[in-house]
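Examination of the molecular architecture
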Amino acid sequence: MLTCTVNGEARTLPEPLTVAQLLERLGYDRRRVAVEVNGMVVPAVRHAEQALASADHVEIVTLVGGGAPEGEPDDKPLVIGKFTFRSRLITGTGKYASYELMRDCLAASDCEVTTVAVRRERLVDKQGRNILDYLDLKRYTILPNTAGCFSAEDAVRHARLARELLANLGNPGADWVKLECLGDVKTLLPDPLATLTATEQLVKEGFQVLVYTSDDPIMARHLKAAGAVSVMPAGSPIGSGQGVLNANNIRIILDYLKDGDPDYPVIVDAGVGTASDVAVAMELGCDGVLLNTGIAHARDALRMAHAMRHACAAGRLAYLAGRIPRKLYAQASSPMEGRIAPSGL
């Protein structure tokens, strides 16, 4: 028997033994390693003839990725009222083909907040299941919304009931509400007067109000002044999948609401159809995106949930990095200096 040191570890090996036999014994592919014995490289063509002796020091190396991986640059968290989150993507729970798919898509999106509507309790569905059985209330902060309300009075009633329900469940979402006061069944656009009235009332009652509104910058200013902790302009009509139709108005809203208050959260809500829509919203400088149909009605909802997650992160990084200026004419990326003389001169 012979005793060698192999990659810093003492080993007792049968004798005689060649480098080729050692590699075979260790299960290494000789084409993918390089071997050094006592400080001298042993070429692969000599592996079969290079005998090892006691006290030999053998190093066997292969290729690995160079350097330590660098993580993404640090970013401040999303702060909405008294809540703080890492993820800037908020997803809904409606329209999924099954509760199981909803649960898996929420996880794939990496969201920390999910919206739920307040409805008369039917206890269980036709299969005997309740949505709460598929929501991890320790993982997600529930954001109750007043979807389907067409008056300030109804919206306030829904918010009060949601607060009671979530308080009973011990979920921190009891302290806030996503306010929707719709003005029209066909377009599902918000009623500005009812929305402002409901915002003022809910703020008086101690709610943290995230308010769905149109892309009207003037209305956005009124809602912030009324005490909303986040103004959520629609990219386009709810469920339309048209993306951000009026980027200029979103830019104006951002400019108005963040003037002197740069961390005030503006979140695009509604109309997102695919991942690029999310990236566009985030690149504009929005603080987050809320969506539902874009995932739930995708041909492959689970795959789309992953896409939305990455698009949100990519858009945020691109915004923070800063895009290059748009130019009318081309600008070569390779230097023009030092080129060889043109042919014929």
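Look above for the structure.
Throughout what follows, the structure given in this document is the object of discussion. (Residues numbered from 1 in each chain as written. Predicted model: local features only at pLDDT ≥ 70, side-chain atom pairs only at ≥ 80, totals over all residues. Heavy atoms only, no water.)

1. A few points about the pairing of strand β1 (residues 2-6)
In plain terms, the rule: Each residue is assigned to one of three classes by its accessible area relative to the maximum for its type, calculated with a 1.4 Å probe on protein chains only: buried under 20%, partly exposed between the two thresholds, exposed over 50%. Elements are defined by DSSP. Helices are runs of H or I of four residues or more, strands are runs of E of two residues or more, and each kind is numbered from the N terminus. If DSSP finds at least two bridges between two strands, the strands pair.
Residue alternation in β1 divides its side chains into a buried set, Leu2, Cys4 and Val6, and an unburied set, Thr3 and Thr5. Pairing of β1 with strand β2 (residues 9-13) involves five bridges; the strand directions are antiparallel. Residue pairing in the sheet places valine 6 in a bridge with glutamate 9 of β2. Bridge analysis of β1 against strand β5 (residues 57-61) gives two bridges, and the strand direction is parallel. For threonine 5, the partnering residue across the bridge sits in β5 and is histidine 57.

2. Digging into empty space enclosed by the protein
Selection rule: Method remark: on a 1 Å grid restricted to protein atoms, a set of points is classed as a cavity if a 1.4 Å probe fits but cannot get out and as a pocket if it is open with protein on both sides within 12 Å along at least five of seven lines; lining residues have an atom within 4 Å of a point. Grid points are joined across faces, edges and corners, and a volume is the space filled by probe spheres set on the points.
Counted under the stated rule, the structure contains one cavity of 30 Å³ or more. For the largest cavity, the calculated volume is near 30 Å³. Leu78, Ile80, Phe85, Ser87, Leu89, Ile90, Glu112 and Val113 are the residues that line the largest cavity. Put simply, the parts of the chain that give the lining of the largest cavity at least two residues each are β6 (78-80) and β8 (89-92).

3. Structural notes on the nonpolar core
Selection rule: In this description, a nonpolar core means a group of buried Ala, Val, Leu, Ile, Met, Phe, Trp, Tyr and Cys residues linked to one another through side-chain atoms lying within 4.5 Å. Two residues qualify as a contact provided that any one of their heavy atoms is within 4.5 Å of a heavy atom in the partner residue.
With 60 residues, the main nonpolar core has Leu179, Leu202, Val278, Val289, Leu291, Ile295 and Met308 as its most contacted residues. In terms of residues, this core owes the most to one element, helix α9 (residues 301-321), which gives six residues. Not counting chain neighbours up to four residues away, the residues in contact with leucine 202 comprise Val156, Ala159, Val177, Leu179, Phe207 and Val209. Val19, Leu22, Leu23 and Val35 belong to the second-largest nonpolar core, a separate cluster that totals 15 residues.

4. Looking at the packing of aromatic side chains
The condition that has to hold: Side-chain rings of Phe, Tyr and Trp, where Trp is taken by its six-membered ring, are said to pair if the distance between their centres is within 6.5 Å; with planes under 30 degrees apart they count as stacked, over 60 as edge-to-face, and otherwise as tilted. Look at NZ for Lys and CZ for Arg. If either is within 6 Å of the ring centre and within 35 degrees of the ring normal, a charge sits over the ring.
For the structure shown, the criterion picks out four aromatic pairs. Pairing tyrosine 99 with tyrosine 134 gives two aromatic rings, centres 5.2 Å apart and planes at 35°, and the pair type is tilted. Note that tyrosine 99 is positioned in helix α2 (residues 99-109) and tyrosine 134 in the loop between β9 (113-117) and β10 (141-145), a separation of 35 residues in sequence. What links up through ring pairs into an aromatic cluster is the set Phe83, Phe85 and Trp176. When the ring centre of tyrosine 264 is taken as origin, the NZ or CZ atom of lysine 224, which lies over that ring, is 4.5 Å away.

5. Considerations on unusual backbone geometry
Cis geometry marks the peptide bond from glutamate 15 to proline 16; its omega dihedral reads 0°. The phi dihedral of lysine 95 is positive, around 75°, even though this residue is not glycine. With respect to the helices and strands, the residue lysine 95 is situated in the loop between β8 and α2. Taking relative accessible area as the criterion, lysine 95 reaches 46% and is therefore assigned partly exposed.

6. Remarks on the sheet that holds strand β4 (residues 40-42)
Applicable threshold: A fitted line through C-alpha atoms represents every axis, and for helices the fit uses only the stretch in contact; the resulting angles, taken between N-to-C directions, go from 0 to 180 degrees.
Taken together, the five strands give an open sheet; going across it, the order is β2-β1-β5-β3-β4, and neighbouring strands pair in mixed fashion. A strand with exactly one partner marks an edge of an open sheet, and here the two such strands are β2 and β4. With direction set aside, neighbouring strand axes in the sheet form an average angle of 35°.

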